[in-house]
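Tertiary structure, described
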Amino acid sequence: MTITRQHFILIGPILSISFYFFLASVGISQQGAYAGAITLLTVIWWVTEALPIPATSLVPFALLPLFGVIDHKTAASSLGSHVILLLMGAFMLSKALEKSGAHERLAVYMVRMVGVSSARKLVFGFMLAAGFLSMWISNTATTLIMLPMALAILSHVDNKKLKTALILGIAYAASVGGLGTLIGTPPNVIFAGIYEEHTGMEFGFVDWMKIGVPVVILAIPVMALWLTRNMKLDHEIELPQPGPWRVEEKRTLIVFGLTALAWITRSEPFGGWSALFGIEGAGDSTVALFAVVVMFIVSNGKGGRLLDWPSAKSIPWDMLLLFSGGIAIAKGFSASGLSAMLGEWLSSLSYLPPLMMILVLCLVVTYLTEITSNTATATLLMPILAVAALSAGYEPTAFMIPAAMAASCAFMLPVATAPNAIAYGTGEIEIQDMVKQGAVLSLLISSLVAVVCFVFLV
């Protein structure tokens, strides 16, 4: 009999109950065993999609209070986390950018800036544009924006190697570009929420960029060089003409640019504008939601607004539920003492040299996310790694940030990330090509992440 997703609706609870009795038999407290069993059930249903992922994300909210691991108010506070509000605001801002069409113009300009006189320049230009856009809008949206332009160009080119390099390059750059900012990709946001849950401190927008931007700057050229090795372009490529600037594009970019500036300068330098004006209570989520309100107010020059509710409400609400469920699990792990116990077990990594320790962690997470959701992987690992780092004598960021970044560096299989799936869905990529190119790049970029994080965090 073939096991389908539906079978896991029953298999999940059976395995979870068995896991509860196993944990109890090895001396784990009752609350810790409950937390472990509920987490396993949630992860099984997330990975197999036996239930829709947002529906599964409700499991911790229901079961953790029912079994007394945490109370209902503590569970509910996960949904009201400022990290969730930051992500909601970022999603809505990206919808305004997409609505205006300014993102497509930026992409064309960035490709032109690099030039299209050679295959390497063409691929690097598209990857640079994809990487930059995915720092601010979702990796999926970036890939969907860039691929049609690339396919239109490739329709006039009879060069299979170039097609493979350009399509994969866009997908991979969209994944890596998301590492540049705190809102760039889901694992980053999961890290921020769980880091604050464990330390009581907020990890700021600029704090992340100090590590993320160097990774992006180094990784995209490395990927482009690998993908375009021994490749030549037969003739000059024609890029689309974006036409004259429209009022809504200009106004959207002004608001978006000011928002990015406000994020970057909120607490730095010299305490930033929040200290200058005595409003230390403001955070990155405050900036995001204020900018969303401004987008709703400012006219688009055609009788409408830069952002309307039909566009805003189309954000992926299911992702907000997913992140909230992850934060609830982290609260359960902490309250039950399970995080501390798992952290002590994982502290054995401290016997390795620091660079080797981070490298092993990055490689394990990267290849794990080749077959599982990077978001689910980050959600599961972040609370464990937070305590493991402290048990090993390191700051939580030393384990958490490399793992969060490595979760976005899976390039081998279509199921690994949404950009991979979209690239494969064009019909222009063979699975063997993705595996062959992605296997090397997963290793290279994970190693690069490990080195950068070692330099900045240890």
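Everything that follows concerns the structure shown earlier in this document.
In this report, the structure presented in the accompanying data block is examined.

1. Let's talk about the overall build of the protein chain
- Within the protein chain, the secondary structure is distributed over 23 helices and 0 strands.
- Here the C-alpha radius of gyration of the protein chain, 22 Å, is about what a compact globule of 458 residues would show, namely 23 Å.
- Overall, the protein chain is about 70 × 55 × 45 Å in size when its C-alpha atoms are taken along their principal axes.
- Within the protein chain, the proportion of its 458 residues that are buried is 55%.
- The contacts in the protein chain between residues at least 6 apart in sequence include a share of 76% that link residues at least 24 apart.
- Roughly 18,800 Å² of accessible area belongs to the protein chain as shown, and the carbon and sulfur atoms make up 67% of that amount.
- Taking the average location of the 23 positive side-chain charges in the protein chain and that of its 25 negative ones, the two points are 8 Å from each other.

2. Side note on the packing of helix H9 (residues 139-154) against helix H10 (residues 160-177)
- At a closest axis distance of 9 Å, the pairing of H9 and H10 adopts a crossing angle of 165°. By the criterion of interaxial angle, the relationship of H9 to H10 is roughly antiparallel. Relative to H10, H9 is oriented so that their crossing is right-handed. Packed against H9, whose contacting residues are Asn139, Thr142, Thr143, Met146, Leu147, Ala150, Leu151 and Leu154, the element H10 presents Leu162, Lys163, Leu166, Ile167, Ile170, Ala171, Ala174 and Ser175 at the interface.
- A per-class count over the contact of H9 with H10 returns 11 nonpolar, 4 polar and 1 charged.

3. Here we look at the packing of helix H8 (residues 119-133) against H9
- Packing of H8 against H9 brings their axes to within 9 Å, and their N-to-C directions diverge by 165°. In terms of their interaxial angle, H8 and H9 are classed as roughly antiparallel. As H8 runs across H9, the sense of the crossing is right-handed. Residue-level contacts link Phe126, Ala129, Ala130 and Leu133 of H8 to Thr142, Met146, Met149, Ala150 and Ile153 of H9.
- Across the contact of H8 with H9, the residue classes tally to 8 nonpolar, 1 polar and no charged.

4. Describing the nonpolar core
- Counting 124 residues, the largest nonpolar core has Phe126, Met146, Phe191 and Phe399 as its most contacted members.
- Those residues within four positions of phenylalanine 191 in sequence are excluded, and the remaining contacts are Phe203, Trp208, Met382, Thr397, Met400, Ile401 and Ala404.
- With 26 residues, the next largest nonpolar core counts Tyr20, Ile44, Trp45 and Trp46 among its residues.

5. Quick look at helix H1 (residues 8-25)
- Taking 1.5 Å of rise per residue, the 18 residues of H1 would be expected to cover 26 Å, and the 25 Å separating its terminal C-alpha atoms lies within 8% of that figure.
- Contacts from the buried residues of H1 go to helix H2 (30-48).
- Two residues or fewer after H1 comes glycine 27, characterised by a positive phi angle close to 95°.

6. Regarding the packing of aromatic side chains
- Here the structure, examined in full by the defined rule, presents 15 aromatic pairs.
- Ring centres of tyrosine 20 and tyrosine 34 lie 4.9 Å apart, and the angle between their planes is 15°; on these two criteria the pair is classed as stacked. Highlighted residues: tyrosine 20 in helix H1 and tyrosine 34 in helix H2, separated in sequence by 14 residues.
- Accessibility expressed as a relative area gives 16% for tyrosine 20, which makes it buried.

7. Details of the pattern of salt bridges
- Throughout the structure, instances matching the rule amount to 7 salt bridges.
- Note that lysine 331 is salt-bridged to glutamate 197, the shortest N-O span being 2.8 Å. Of the two residues, lysine 331 sits in helix H17 (residues 317-336) while glutamate 197 sits in helix H11 (residues 186-199), which places them 134 residues apart along the sequence.
- By sharing partners, the salt bridges in this structure join Arg246, Glu248, Glu249 and Lys302 into a single network.

8. Some remarks on the environment of lysine 232
- Among the secondary structure elements, lysine 232 is positioned in the loop between helix H12 (205-227) and helix H13 (247-265).
- In this structure, the C-alpha to C-alpha distance between lysine 232 and lysine 161, residues 71 residues apart in sequence, is 9.3 Å.

9. Structural notes on the environment of glycine 272
- By the secondary structure assignment, glycine 272 is in helix H14 (residues 272-276).
- For glycine 272, a relative accessible area of 9% corresponds to the buried category.
- Separated by 10 residues in sequence, glycine 272 and alanine 262 place their C-alpha atoms 9.1 Å apart.
- The residues touching glycine 272, leaving out its near neighbours within four places in the chain, are Thr265, Arg266 and Ser267.

10. Here's the deal with the side chain of threonine 181
- Locating threonine 181 in the fold gives a position in the loop between H10 and H11.
- A distance of 2.4 Å separates a polar atom in the side chain of threonine 181 from the backbone oxygen of methionine 135.
- The residues touching threonine 181, leaving out its near neighbours within four places in the chain, are Met135, Trp136, Asn188, Phe205, Trp208 and Met209.

Calculation criteria
Residues numbered from 1 in each chain as written. Predicted model: local features only at pLDDT ≥ 70, side-chain atom pairs only at ≥ 80, totals over all residues. Heavy atoms only, no water. Helix = DSSP H or I, 4+ residues; strand = E, 2+ residues; numbered from the N terminus. Rg over C-alpha atoms; globule rule 2.2 N^0.38 Å. Buried < 20%, exposed > 50% of the residue type's maximum accessible area, 1.4 Å probe, protein only. Contact = heavy atoms within 4.5 Å. Areas by Shrake-Rupley, 256 points an atom, 1.4 Å probe, with all protein chains shown as cover. Lys, Arg positive; Asp, Glu negative; His and termini not counted. Charge placed at Lys NZ, Arg CZ, Asp CG, Glu CD. Axes fitted to C-alpha atoms, helices over the stretch in contact; angles between N-to-C directions. Parallel < 35°, antiparallel > 145°, perpendicular 65-115°, else oblique. Left-handed = near helix turned anticlockwise from the far one by under 90°. Nonpolar A, V, L, I, M, F, W, Y, C, P; charged D, E, K, R; others polar. Core = buried A, V, L, I, M, F, W, Y, C linked by side-chain atoms within 4.5 Å. Expected span 1.5 Å × (residues − 1). Phe/Tyr/Trp six-rings, centres within 6.5 Å; stacked < 30°, edge-to-face > 60°. Salt bridge = Lys/Arg side-chain N within 4 Å of Asp/Glu carboxyl O. Polar contact = N/O pair within 3.5 Å; in protein donor to acceptor, adjacent residues only side chain to side chain.

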